[in-house]
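Structural overview for review
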Amino acid sequence: MFKKILIANRGEIAVRIIKTCRKLGIATVQVYSEADAGSLAVEMADESVLIGPAPAAQSYLLADRIIEAVRQTGAEAIHPGFGFLSENAAFARRLRDEGIAFIGPNPEAIEAMGDKITSKKFAAEAGVSTVPGHMGLIDTPEEAVRIAREIGYPVMIKASAGGGGKGIRVAEGDADMAEGFAAVKAEALNAFGDDRVFLEKFIVDPRHIEIQVLGDKHGAVVHLFERECSIQRRNQKVIEEAPSPLLDAKTRAEMGAQAVALAKAVNYDSAGTVEFVAGQDKSFYFLEMNTRLQVEHPVTELITGVDLVEQMIRSAWGEHLAFKQDDLKIYGWAIESRIYAEDPYRGFLPSIGRLVRYEQPEEGDQGGYTVRNDSGVREGDEVSMFYDPMIAKLCAWAPTRAGAIDGMARALEETHLAGVGHNIPFLSAVMDQDRFRSGALTTRYIQDEFPDGFHGLSPDRRQADILIAAACAMNEIVSDQAGDPSDRTDWIVMIDRDPHGVSLAYDDDEALTLDLAGQDRSLRLEAIDWRPGLAQFRAVLDDRPFTAEVRKTADGWDIRHRAARARVRVLTPRHAELYARLPEKQAADTSKQVLSPMPGLVVSIPVTVGQEVKTGETVAIIEAMKMQNILKAERDGVIKAIGAQAGDPVAADDVLVEFE
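Here we summarise the structure given alongside this text.

Rules used throughout
- Residues numbered from 1 in each chain as written.
- Predicted model: local features only at pLDDT ≥ 70, side-chain atom pairs only at ≥ 80, totals over all residues.
- Heavy atoms only, no water.
- Helix = DSSP H or I, 4+ residues; strand = E, 2+ residues; numbered from the N terminus.
- Rg over C-alpha atoms; globule rule 2.2 N^0.38 Å.
- Buried < 20%, exposed > 50% of the residue type's maximum accessible area, 1.4 Å probe, protein only.
- Contact = heavy atoms within 4.5 Å.
- Areas by Shrake-Rupley, 256 points an atom, 1.4 Å probe, with all protein chains shown as cover.
- Core = buried A, V, L, I, M, F, W, Y, C linked by side-chain atoms within 4.5 Å.
- Pairing = 2+ DSSP bridges.

Time to look at the overall build of the protein chain. When you go through the protein chain residue by residue, the secondary structure sums to 17 helices and 40 strands. Since a compact globule built from 660 residues should have a radius of gyration of about 26 Å, the 27 Å found for the protein chain is in line with a globular shape. Each principal axis of the C-alpha atoms in the protein chain carries an extent, and together these give about 80 × 65 × 55 Å. Counting all 660 residues of the protein chain, 55% fall into the buried class. In the protein chain, the share of contacts with a sequence separation of at least 24, taken over all contacts with a separation of at least 6, comes to 64%. Accessible surface, the protein chain as shown: approximately 27,600 Å² in total, 49% of it carbon and sulfur.

A few words now on the nonpolar core. Counting residues in hydrophobic clusters, the biggest one holds 40 residues, and the most contacted among them are Ile 239, Ile 335, Ile 391, Phe 426, Met 431 and Phe 436. Those elements that provide at least two residues to this core are strand E12 (236–242), strand E15 (333–340), strand E23 (390–398), helix H12 (401–413), helix H13 (424–432) and helix H15 (445–449). Those residues in contact with Ile 391, other than ones at most four positions away along the chain, are Ile 339, Tyr 340, Ala 341, Leu 355, Tyr 358, Ser 375, Gly 376, Val 377, Leu 417 and Val 420. The next biggest cluster of nonpolar side chains, apart from the first, holds 36 residues, and it includes Phe 82, Ala 101, Val 309 and Ile 313.

What follows concerns the pairing of strand E14 (residues 284–290). Buried residues dominate E14, accounting for six of its seven residues. Pairing geometry for strand E13 (residues 271–278) and E14, over six bridges, is antiparallel. Residue pairing across strands places Thr 273 opposite Asn 290, the latter belonging to E14. Two successive antiparallel strands, E13 and E14, enclose a turn made up of five residues, where Lys 282 displays a positive phi of approximately 75°.

On the secondary structure map, Glu 200 appears in strand E9 (residues 197–201). When sequence neighbours within four positions are dropped, the list of residues in contact with Glu 200 reads Lys 120, Val 131, Pro 132, Gly 133, Val 155, Met 156, Lys 158 and Leu 287.

This is how it looks when you write it as structure tokens:
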């Protein structure tokens, strides 16, 4: 077995690989950029080597620097993780030529599957079901329209060298096809240096289902069943689960057999994923093969008990697979939520900054469900603008799908982040939706369920009870610790501006009973775990545990439970009467201002004071998380003032441009 492995990646996947290497007794070398000098992966690794400045193009994508680090440290192999150089056939070939083991598939397999047109030809020859389409190169919009008519609309236009959701358009008719074809070619050339485009039939209400395969260097290949990845936003996966609620045993076996056939056709010898688009009728068609470890691999590990990173290492060393297909079984259900530094209330724009607080849920058996949290950051770490904004992959396993969903919802409750925007409220909202719980998924799920964006959810009855109970308990605790208990038992609890009459009483078990006026019912709050200053309030309400995020305000509490957030005030009846008469505060008029939608760097502000600007003209470009965000004028006007210049760091809501 290898004695030392270099990890050519960063963040949570680097930490994940280090954990398996420790289990196997293998020393690790972590390469890092200047931005990652104090990272958790660097801290955990046995050795570390600086390979360049923060931008990936000057560090993690430089093969020369990484190979130099191998020579410097005496590492025998490289694990590329995912992203960066993980699917670079030239890099894998160079390592082979230089006698360095690549913990991934052979370069020929990467090359064969890396090109979408070539991979579909391999799939067809291997007997894999493929989407009707045209795999040949298409040169003109006119030719694209003619072929699209033969396939039948709707048709998907895809860049051959695409990935990560880039270089994709859906055409509903001739006009869409002509316009989309030119756009995809241009985007593909800019993003990948390759403008080849192909067409395929677009499946209505599709689901994204992928099969995990694993091979060794002796010709053995097995599959480890499927993952459903239909919950996507802008073609990026957000929530994944294994197995799929769509598949039956027959369809699962057929998909698995086809994935294995394709892997064998290209002599695949590591962990990889064969992706399919599936119809609601369980029809399925090959999309592409990812020749690397997938981000969502933990859910497969949870339902099979197989450590995929370990198997990749063993395969690279030359070992035979230790199990056959019949040895593999599905145990229970697992769900993964990708926690991102992004603000769902601002159109999921990236958020950068320091993790002022990061409280993670307890991992392991939680009684009825199991929690796993793959994270590469700690409290106090910086979420950098140079890399993917993922903070963690939170997973929950349970014997049933319903149990896994409930476990995930609780694990999300137990996760607290501050300092950056994050998508935990959104993930929680999905867990609570009846449609998600029913398994009625499509890749348009988020667009269908949140067509106007995410703005949080109104509290349901139980959440309203949680807000009332938590606010009353915190009010009592603060009063007692201040040495000024009111001895009052009757209160009005305002959830935003909605009043609820409450009578309080403590019993001998230190539980708080709350009688709800006019509702002929009461609440019992016990096992209270909170003190002033804590950001999470934990307790058991009517025999069901919960965790709420809380923050003291000038006249009450800001409380969030899952996707429901409200300002909650505990008032005397007289104060509640007076409060109801107060006018609502009007939002400031920002109609004449262009505000930065996120923290980032100003790339340019291509306008000047006194310039006349028309609606739709670009007035600023902000860069964050490797993405450039173009801000356009929403009105005609004359520029009155400019609040920043190229190269300036800006915070969310900073004024960039002001109109007269």
